[in-house]
Amino acid sequence: MRTCSCISLSGGQGKTTTIFFTSLLLAQQGKRVLAIDSDPQANLTFYLGHEVQPNQPSLLEVLTGQVSTEDGIYETSYENLFLIPADRGLFKVSDYLSSSGTGAFILKLRLKAVANLFDYVLIDVQPSRSQLCLTAVGASDCVLIPVEANVKGMNSLIDTLDFLQEQSNLMAFTGKILGVVPFRDRWVGNTQTLEGRQNIEAMKEFVGSTPILASIRESEKFKSAIRQGKLLSEMGQTDLQYPFEQIVEALGYE
Ligand SMILES: Nc1ncnc2c1ncn2[C@@H]1O[C@H](COP(=O)(O)OP(=O)(O)O)[C@@H](O)[C@H]1O
Ligand SMILES: [Mg+2]
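Here is what the cut-offs are and how they apply
Residues numbered from 1 in each chain as written. Chains lettered and ligands numbered in written order. Predicted model: local features only at pLDDT ≥ 70, side-chain atom pairs only at ≥ 80, totals over all residues. Heavy atoms only, no water. Buried < 20%, exposed > 50% of the residue type's maximum accessible area, 1.4 Å probe, protein only. Helix = DSSP H or I, 4+ residues; strand = E, 2+ residues; numbered from the N terminus. Pairing = 2+ DSSP bridges. Phe/Tyr/Trp six-rings, centres within 6.5 Å; stacked < 30°, edge-to-face > 60°. Axes fitted to C-alpha atoms, helices over the stretch in contact; angles between N-to-C directions. Parallel < 35°, antiparallel > 145°, perpendicular 65-115°, else oblique. Left-handed = near helix turned anticlockwise from the far one by under 90°. Contact = heavy atoms within 4.5 Å. Nonpolar A, V, L, I, M, F, W, Y, C, P; charged D, E, K, R; others polar. Salt bridge = Lys/Arg side-chain N within 4 Å of Asp/Glu carboxyl O.

Student: Please clarify how the pairing of strand 1 (residues 2-6) should be interpreted in this entry.
Tutor: The side chains of a regular strand alternate, first on one face of the sheet and then on the other. Summarising burial for strand 1: four of the five residues are buried, a large majority. The sheet contact formed by strand 1 and strand 5 (residues 120-125) spans five bridges and is parallel. Looking across to strand 5, one finds that S5 is bridged to I123. Summarising the sheet, strand 1 and strand 6 (residues 142-148) pair through three bridges and their orientation is parallel. Residue pairing in the sheet places S5 in a bridge with V143 of strand 6.

Student: Explanation requested: the packing of aromatic side chains in the structure shown.
Tutor: A ring pair, where both rings are aromatic, is described by two values, the distance of the centres and the angle of the planes. Applying the stated rule across the entire model yields six aromatic pairs. Between F20 and Y47, the aromatic rings sit 5.8 Å apart at their centres with planes inclined by 80 degrees, giving edge-to-face as the arrangement. With F20 in helix 1 (residues 15-28) and Y47 in helix 2 (residues 43-47), the pair connects residues that are 27 residues apart, well separated along the chain. Note on F21 and F244: the rings are 5.1 Å apart at their centroids and 35 degrees apart in plane angle, and the pair reads as tilted. Here F21 is found in helix 1, whereas its partner F244 is found in helix 10 (residues 242-251), with 223 residues between them in sequence. Classification of F21 by relative accessible area gives buried; the value is 0%. Judged by relative accessible area, F244 falls into the buried class, the value being 1%.

Student: Where do I start with the packing of helix 7 (residues 151-169) against helix 8 (residues 194-207) in this structure?
Tutor: When two helices pack together, their arrangement is given by the angle between the helix axes and by the axis-to-axis distance. Where helix 7 meets helix 8, the closest approach of the two axes is 11 Å, and the angle between their N-to-C directions is 15 degrees. On the basis of the axis angle, helix 7 is roughly parallel to helix 8. Seen along the crossing, helix 7 lies across helix 8 with a hand that is right-handed. Listed contacts from helix 8 to M154, L157, I158 and L161 of helix 7 are A202, M203, F206 and V207. Here the contact of helix 7 with helix 8 is composed, by residue class, of eight nonpolar, no polar and no charged.

Student: What should I look at first to understand the pattern of salt bridges in this one?
Tutor: When their charged atoms lie close together, side chains carrying opposite charge are able to pair. Within this structure, the stated rule accounts for six salt bridges. A salt bridge links R184 to E218, with the shortest nitrogen-to-oxygen separation between them at 2.9 Å. One end of the pair, R184, is in strand 7 (residues 176-185); the other, E218, is in the loop between strand 10 (216-217) and helix 9 (220-228), and 34 residues separate them in sequence. The class of R184 is partly exposed, set by a relative accessible area of 37%. Linked through salt bridges whose partners overlap, the residues forming this network are R129, D162 and E166.

Student: Explain the side chain of T45 here, please?
Tutor: Within the secondary structure, T45 is located in helix 2. Exposure remark for T45: the relative accessible area of 2% places this residue in the buried category. Not counting residues within four places of it along the chain, the set of residues in contact with T45 comprises D37, H50, V52, L83, P85 and A86.

Student: Sorry, what's going on with the environment of L161 here?
Tutor: Topologically, L161 is positioned in helix 7. Judged by relative accessible area, L161 falls into the buried class, the value being 18%. Distance from L161 to I177, taken between C-alpha atoms, is 9.3 Å for residues 16 residues apart in sequence. Apart from residues lying up to four places away in sequence, L161 is in contact with I145, I177, F206 and V207.

Student: It is not clear to me how the sheet that holds strand 4 (residues 81-84) should be interpreted in this structure. Could you clarify?
Tutor: Within a sheet, adjacent strands bond to each other through the backbone by hydrogen bonds, running parallel or antiparallel. If you walk across this open sheet you meet the eight strands as 3-4-2-5-1-6-7-10, and the pairing is mixed. Whereas interior strands pair on both sides, the edge strands pair on one side only; in this sheet they are strand 3 (74-75) and strand 10. Across two bridges, the pairing between strand 7 and strand 10 is parallel. Along strand 10, the bridge assignment pairs D185 with R217.

Set out below in structure tokens:
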């Protein structure tokens, strides 16, 4: 089982989009995928068509040990793709995680119980230096850092790398940074705009040896695919899907 988080410490950086399409793609390729929504905003849960009912367990109950990990996992409408959902109540878990003293390792521990059931676990992470973020990173063998190809994205990249370095110094993060995924890169037709190119060049200079992966182009087609719950290739937009194919490659085989 390979566990990968999408982390970026600002909103709107493409985390949920990346987890959504990568999960669908892996599942379509026949891999058994567990998507985990660890953001109380619960966008991934919504994208995957799940609604947490008041009496049903979600990530909150899994983390606090009120239910077994398996009991927090739901089927989705996609073959091979399963979900541990979130709802707004998830913000309450921070107190539990911080008082437990070993918050960074709790998700890792909970996932051990289902390690034989999945090839990949993909985690959508809350964009803040929270206990929830810490436990997701602590459970991950690798992380992806999506960031907008603009100044806000550059700042999110700086904060995120800083956070990962801190966690790595504390041995709470022992995984690998798979790469930075530039998000909403502007192209006109088949040509990248100068602005997009310059922003990505600036990121390359900043990150040194960390790979900058293929960028996700700015396009309404992604939103439309998300709304319809489809892969871009299923909408006839195979070229736009390339960043997720590259991510699947970078994740390696299980
Ligand atoms: N390629 C794209 N171009 C423009 N907007 C996009 C694209 N892909 C997704 N979006 C939209 O951008 C917004 C932010 O993306 P999201 O993945 O939710 O970011 P995060 O999870 O980091 O907050 C969402 O409303 C999403 O629908
Ligand atoms: Mg999100």
